[in-house]
Each structure stands twice: as structure tokens, then as C-alpha cells.
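Chain by chain, the residues:
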Amino acid sequence: MATAIIDLEISKLPPEITVEERYSKALVLIRQGGKPIGQALLSLVGGRADASLLRETLMNAAGENLWKNWLYDTLAWDERGPVQAMPLATVAVCTRDRPEDLRRCLDALMQIPDDGQEYLVIDNCPGTDATKELIKNYPQVRYVREDLPGSSAARNRALREAKHEFVAFTDDDAAPDPNWLRSLLWNFSHPRVMCVTGLVMPLELETEAQELFEWYSPHGRGFDRRVFDGAQCNPLIVHLVGVSASMAVRKSLSDCIGLFDEALGAGTPTVGGEDCELFARILRAGYCIVYEPRALSWHRHRRTWEELRKTLQGYGIGVYAFWTRILVKNRELGVVRLALGWLYSKQIPELFASLRKQRGSIPSDLLLAQLRGCISGPMAYFASRKRLQEVKEKVNQF
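What you see is a predicted model, and the numbers here were worked out from it, not measured in a lab. Residue positions are given per chain, counted from 1 along the sequence in the order it is written. In keeping with the model being predicted, local features are shown solely for residues with a pLDDT of at least 70 and side-chain atom pairs are shown and tallied solely at 80 or more, while totals for entire chains, interfaces and linings include all residues. As a rule here, side-chain values come from all non-hydrogen atoms in the structure, and water together with hydrogens is ignored.

Caption draft 1: Summary view of the environment of Tyr-381. Note on conventions: DSSP H or I runs of at least 4 residues are helices, E runs of at least 2 residues are strands, and numbering of each starts at the N terminus. Here Tyr-381 is to be found in helix 12 (residues 364-397). The rule is simple: take the accessible area with a 1.4 Å probe, protein chains only, and divide by the maximum for that residue type; under 20% is buried, over 50% is exposed, in between is partly exposed. For Tyr-381, a relative accessible area of 1% translates into the label buried. When the C-alpha atoms of Tyr-381 and Thr-270 are compared, they prove to be 5.7 Å apart, with 111 residues separating the residues in sequence. The contact partners of Tyr-381, leaving out residues within four places of it in the chain, are Asp-261, Ala-263, Leu-264, Thr-270, Ala-321, Thr-324, Arg-325 and Lys-329. By the convention used here, residues are in contact when the closest approach between their heavy atoms is within 4.5 Å.

This is the structure in C-alpha cells:
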């Protein structure tokens with residue numbers, strides 16, 4: 001059965017939880033003073049939760065974050081530093097032929113407080129005019145078409161088009177929270193912070209594929225703010241940093257470390273890896289990345305089993321393409337150690353558990369799809385570089 005998604009303020013809990021009877025569980029986002037501090041999975045009977053246990057369950061799930069944030073509020077202390085004037089930003093949505101997802105994303109963006117930000121939609125190699133027609137309903141949004149295929153090319157176009165120093169990226173299948181943009185931007189007070197990522201929660205868990213994705217490969221990175229300092233951490237270990245579905249960068253990063261690698265990302269043979277590669281390059285250059293759970297966004301996971309299989313295979317391709325890029329460009333042999341460590345400590349044990357039908361194991365077809373992606377990742381990177389060079393040569397001829 002499906003899982004309901006519920007958003008609750010712990011200081012204003014309802015007398016009971018009531019949802020449609022088809023839901024057997026509820027994933028609850030727990031907030032305190034509007035700030036996400038934890039999540040809890042509730043069992044439902046007939047679409048209802050036992051109100052007498054609700055508060056205790058949520059308090060236990062929030063754990064020390066509940067008391068830590070209460071103490072911070074009492075002391076009027078903010079770990080992000082003193083309040084400063086909110087900087088101007090450009091919000092960019094990169095999309096390709098998903099007008100229904102994009103409509104939901106734009107509707108959510110229109111609920112963000114107006115601090116003078118601009119909105120861009122980068123339409124990447126569209127097959128129809130549906131996106132362009134949709135944008136006509138949003139006068140605040142500027143439409144830009146980018147014909148070089150790939151999410152990295154679209155993001156680079158956004159950086160070139162942006163009028164402001166800070167550029168916040170969200171995917172078309174995400175719906176940012178009203179406080180999302182301010183929460184990202186507040187973390188740029190220190191000049192060494194080059195990038196800020198945010199918490200991503202599931203928009204819906206209606207299918208088995210969506211539930212398995214959220215359990216096995218969630219986009220969220222927890223409810224604690226973290227600072228990743230390139231001078232103190234391994235720049236190759238970036239899986240904890242966050243995801244590009246909720247991310248802001250300084251536009252000046254193009255001068256400091258360069259743009260996104262256009263051989264990586266959705267819409268190219270590598271399928272992904274562009275955000276990991278950028279994160280690694282930021283850290284290698286000695287800058288900082290902040291993970292900020294206040295910057296909340298809701299992501300629609302892929303609904304079908306085939307889409308999930310393709311997604312996990314794409315993750316395998318993207319990660320190994322990113323590692324191949326690091327090996328080729330930077331001669332960083334540490335990626336070989338990472339690849340072998342991932343294979344022997346995670347992939348092989350998970351596959352054996354699945355083949356033995358152990359309880360809680362991941363279905364073998366998904367693990368094998370991911371493994372096939374990992375094997376093909378290096379060649380996908382070289383194929384993508386070649387195709388990118390060919391496309392640019394054709395463009396230059398005109």
C-alpha cells in the first residue's frame with residue numbers, strides 16, 4: 001500500500017492524523033518553528049494514526065534535534081551567523097519536455113517571498129513547444145532555449161544568463177518550499193562558501209518503485225546543517241554533500257573553478273555525475289559547501305519499476321563517469337580505491353543478500369542494472385566527450 005506524506009509542526013500537532021484509507025503508512029516531516037528537524041514513519045489503520053502516541057513518536061524521531069533547536073531559539077543563536085541583507089538571486093529551472101512537472105515546480109516557486117529574485121527556465125533541446133507555451137502563463141519567468149544537449153549545458157547557460165551573483169537551481173520535478181531560497185542564500189555570508197545544497201523530501205510515495213527509491217537512495221542528507229571544507233575533507237567523497245535538485249552557487253564560480261562539465265549529466269551518454277564532479281572540484285580548490293536542511297524541496301520520484309531501474313543504472317553510469325573524469329583530468333588514483341571500496345563493501349554484499357532472498361534486501365534486477373551502469377560509466381564518459389566535441393564543431397560551422 002502507498003505511504004502518505006504529511007508535514008507537521010511539532011508545536012501545533014492536530015488531535016489526530018486522518019488521510020485516505022488506502023494509506024497504510026505515513027511519512028511525517030517534523031518541523032519546529034518551521035525548520036525541518038526530523039522525520040518519522042507512522043503506521044495507519046484505516047487511514048488514521050493513534051493520536052495518543054503521535055507526539056511521543058515524533059519527539060523520539062526528532063531526537064536531540066528537538067532540544068538543540070529549542071536551545072538555539074532560547075539563546076537567539078543561529079549557526080549560520082548574524083542576519084545580513086538577503087542577496088539578490090536568480091532561480092533557474094532546467095527542463096526538457098516535462099510540462100506537467102514544470103507547472104508544479106513553477107507554481108511552487110511563485111509562493112516564494114519576493115526578494116527581487118529573477119526566474120529563468122532553460123528549455124534544453126525541446127521536442128515540442130509545450131514548455132515555451134506554458135511559460136506564457138508566468139510573466140515573472142524568462143524563457144531561454146538551449147540547444148546543446150545535456151543538463152550541464154543548460155545549467156551553464158543559466159549561469160551565463162543570470163543577472164545576479166547567486167544562482168539557485170531546482171529540477172523541474174521538484175517543488176521548493178516557500179522558505180527554500182532564503183535558506184540557501186543565508187549561508188553565503190562567508191566568502192569561501194561557493195555552494196549550498198538543501199534537504200530534498202519525497203513529494204509522493206504512491207508506488208512500490210517510489211518507496212524503494214526513498215528507502216535505498218534518498219535525495220535527503222539528514223536534518224543537521226553541515227559544512228564541507230575542502231581544506232579539511234576528502235574532495236572525492238561527495239555523496240553526503242547533497243544533490244543538484246536543491247542547490248545554489250556563486251555565479252563567480254566560473255572564474256574560480258570553471259563551469260559544469262558538459263560531457264556529464266542527464267541528456268548525455270553519462271546520464272549524470274555532473275553535480276558530484278562540480279562538488280569535488282569546489283572542494284579540491286579549497287572552497288566550502290554547506291548542506292542546509294532548512295532549504296527544503298519536495299521531489300517527485302519516478303513512479304514505475306522500469307523508470308526506477310533506469311534511474312539506478314543511470315546513477316551507476318554517472319558516478320563512474322565522474323570518477324573517470326577525475327582520473328583522466330586530475331590523475332587522481334584515489335578514485336580507483338573508491339570504486340573498489342564501493343564494489344566490495346556495498347555492491348557485492350547487497351547482490352549476495354538479494355540472491356539469498358534476505359529480508360530487506362534490494363531486488364537483484366535493480367542491483368544488476370546499477371552494476372551494469374558502473375561498468376559502462378568509463379566508456380560513456382569518453383563517448384560523451386567525443387559527441388560533445390562533434391556537436392560543438394557543427395555549431396561552429398554555422
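Caption draft 2: Here's a closer look at the sheet that holds strand 4 (residues 35-43). Should DSSP find at least two bridges between two strands, the strands are taken to pair. Strands sit in the order 1-3-4 across an open sheet of three strands; the sheet is mixed. A strand with exactly one partner marks an edge of an open sheet, and here the two such strands are strand 1 (2-9) and strand 4. Adjacent strand axes in the sheet meet at a mean angle of 20 degrees, parallel and antiparallel pairs treated alike. As judged from the eight bridges shared by strand 1 and strand 3 (residues 23-32), these two strands associate in the parallel manner. Considered in strand 3, the bridge of Ile-5 is made with Leu-27. Working convention: axes come from line fits to C-alpha atoms, limited for helices to the stretch in contact. Angles between N-to-C directions cover 0 to 180 degrees. Contacts between helix 1 (residues 51-62) and the sheet are confined to strand 1, strand 3 and strand 4, with strand 4 contributing the most and set at about 125 degrees to the helix.

Caption draft 3: Quick peek at helix 5 (residues 151-161). A large share of helix 5 lies buried, amounting to eight of its eleven residues. Every buried residue of helix 5 is accounted for by Ser-151, Ser-152, Ala-153, Ala-154, Arg-155, Asn-156, Ala-158 and Leu-159. For helix 5, the elements touching its buried residues are strand 6 (89-95), strand 7 (118-124), strand 8 (141-146), strand 9 (166-171), strand 13 (246-250) and helix 9 (274-284).

Caption draft 4: Representation of the side chain of Arg-155 in the model. Following the sequence through the fold, Arg-155 ends up in helix 5. On the basis of relative accessibility, which here comes to 4%, the residue Arg-155 falls in the buried class. Polar contact is the term for a pair of N or O atoms within 3.5 Å; when the atoms are in protein, one must be able to donate a hydrogen and the other to accept it, and sequence-neighboring residues count only if both atoms are side-chain atoms. Within the structure, Arg-155 has its side chain in polar contact with the side chain of Asp-171 (distance 3.4 Å). Sequence-distant contacts of Arg-155, defined by excluding residues within four places in its chain, comprise Cys-94, Phe-169, Asp-171, Ser-244, Met-247, Phe-260 and Glu-274.

Caption draft 5: Representation of the packing of helix 10 (residues 305-330) against helix 11 (residues 334-355) within the structure. One way to put it is that helix 10 packs onto helix 11 with a least axis distance of 9 Å and a crossing angle of 155 degrees. Comparing their axes, helix 11 and helix 10 come out roughly antiparallel. Contact residues: helix 10 offers Val-319, Tyr-320, Trp-323, Ile-326 and Leu-327, while helix 11 offers Val-335, Leu-338, Ala-339, Trp-342 and Gln-347. Of the residues belonging to the contact of helix 10 with helix 11, the class tally is nine nonpolar, one polar and no charged. For classification purposes, angles smaller than 35 degrees are called roughly parallel, those larger than 145 roughly antiparallel, those between 65 and 115 roughly perpendicular, and all remaining angles oblique. Three classes are used, and their members are as follows: Ala, Val, Leu, Ile, Met, Phe, Trp, Tyr, Cys and Pro are nonpolar, Asp, Glu, Lys and Arg are charged, and the others, Gly among them, are polar.

Caption draft 6: Summary view of the nonpolar core. What we call a nonpolar core is a set of buried Ala, Val, Leu, Ile, Met, Phe, Trp, Tyr and Cys residues that are connected through their side-chain atoms within 4.5 Å. Core analysis: the biggest nonpolar cluster contains 48 residues, and Phe-169, Met-201, Val-238 and Ile-289 have the highest contact counts within it. Apart from the residues within four sequence positions on either side, Met-201 is in contact with Leu-27, Leu-29, Gln-39, Phe-223, Leu-296, Ser-297, Trp-298 and His-299. Formed by 27 residues, the second largest nonpolar core is a distinct cluster that contains Ile-112, Ile-135, Ala-168 and Leu-184.

Caption draft 7: Region of interest: the packing of aromatic side chains. Stacked, tilted and edge-to-face are the three classes assigned to paired rings of Phe, Tyr and Trp, where Trp is represented by its six-membered ring and a pair needs centres within 6.5 Å; plane angles under 30 degrees give stacked, over 60 edge-to-face, the rest tilted. Evaluated as defined, the whole model comprises eight aromatic pairs. A ring pair is formed by Phe-169 and Phe-260, whose centres lie 6.0 Å apart and whose planes are at 85 degrees; its orientation type is edge-to-face. A residue pair is termed long-range when its members are at least 10 positions apart, and Phe-169 in strand 9 and Phe-260 in the loop between helix 8 (253-256) and helix 9 qualify at 91 residues. For the pair Phe-169 and Phe-260, a shared accessibility class is recorded, and that class is buried.

Caption draft 8: Up close: the pattern of salt bridges. When a carboxyl oxygen of Asp or Glu is within 4 Å of a side-chain nitrogen of Lys or Arg, the pair counts as a salt bridge. Summed over all chains, the structure comprises 37 salt bridges. Here Lys-35 and Glu-79 are joined by a salt bridge, their closest N and O atoms 3.7 Å apart. In this pair, Lys-35 is assigned in strand 4 and Glu-79 in the loop between helix 2 (64-75) and strand 6, connecting sequence segments 44 residues apart. Lys-35 sits in the buried class, given a relative accessible area of 9%. Several salt bridges converge on common partners, so that one network encompasses Arg-98, Asp-101, Arg-104, Asp-172, Asp-173, Arg-300 and Arg-302.

Caption draft 9: How the structure looks around the environment of Pro-99. Inspection of the secondary structure puts Pro-99 in helix 3 (residues 99-109). Judged by relative accessible area, Pro-99 falls into the partly exposed class, the value being 24%. It is 29 Å that separates the C-alpha atoms of Pro-99 and Ala-321, two residues lying 222 residues apart in sequence. Apart from the residues lying within four places of it in its own chain, the contact partners of Pro-99 are Ala-130 and Leu-134.

Caption draft 10: Local environment of the pairing of strand 6. Burial analysis of strand 6 places seven of its seven residues in the buried class, the great majority of the element. The alternating pattern of strand 6 places Ala-89, Val-91, Val-93 and Thr-95 and Thr-90, Ala-92 and Cys-94 on opposite faces, both of which are buried. Seen with the strands pointing away from the viewer, any crossover whose path from the first strand over the helix to the second strand runs clockwise is right-handed. What joins strand 6 to strand 7 is helix 3, and the crossover it makes is right-handed.

Caption draft 11: The arrangement of helix 9 in detail. Within helix 9, ten of the eleven residues are buried, leaving the element largely enclosed by the surrounding structure. Residues of helix 9 that are buried: Glu-274, Asp-275, Cys-276, Glu-277, Leu-278, Phe-279, Ala-280, Arg-281, Ile-282 and Leu-283. Following helix 9 by one or two positions, Gly-286 has its phi on the positive side, about 90 degrees.

Caption draft 12: Structural view of a nonpolar patch on the surface. Together, Trp-67, Trp-70, Leu-71, Leu-75 and Trp-77 line one region of the surface with nonpolar side chains, adding up to about 610 Å² of accessible area. Looking at the secondary structure, you find Trp-77 in the loop between helix 2 and strand 6. Patch definition: residues with relative accessible area over 30% and no salt bridge; like charges joined within 9 Å; nonpolar side chains (Val, Leu, Ile, Met, Phe, Trp, Tyr) joined within 5 Å. In this description, accessible areas are obtained by the Shrake-Rupley approach with a 1.4 Å probe, and a residue is regarded as covered only by the protein chains that are shown.

Remember, this is a structural readout, not a statement about activity or role.
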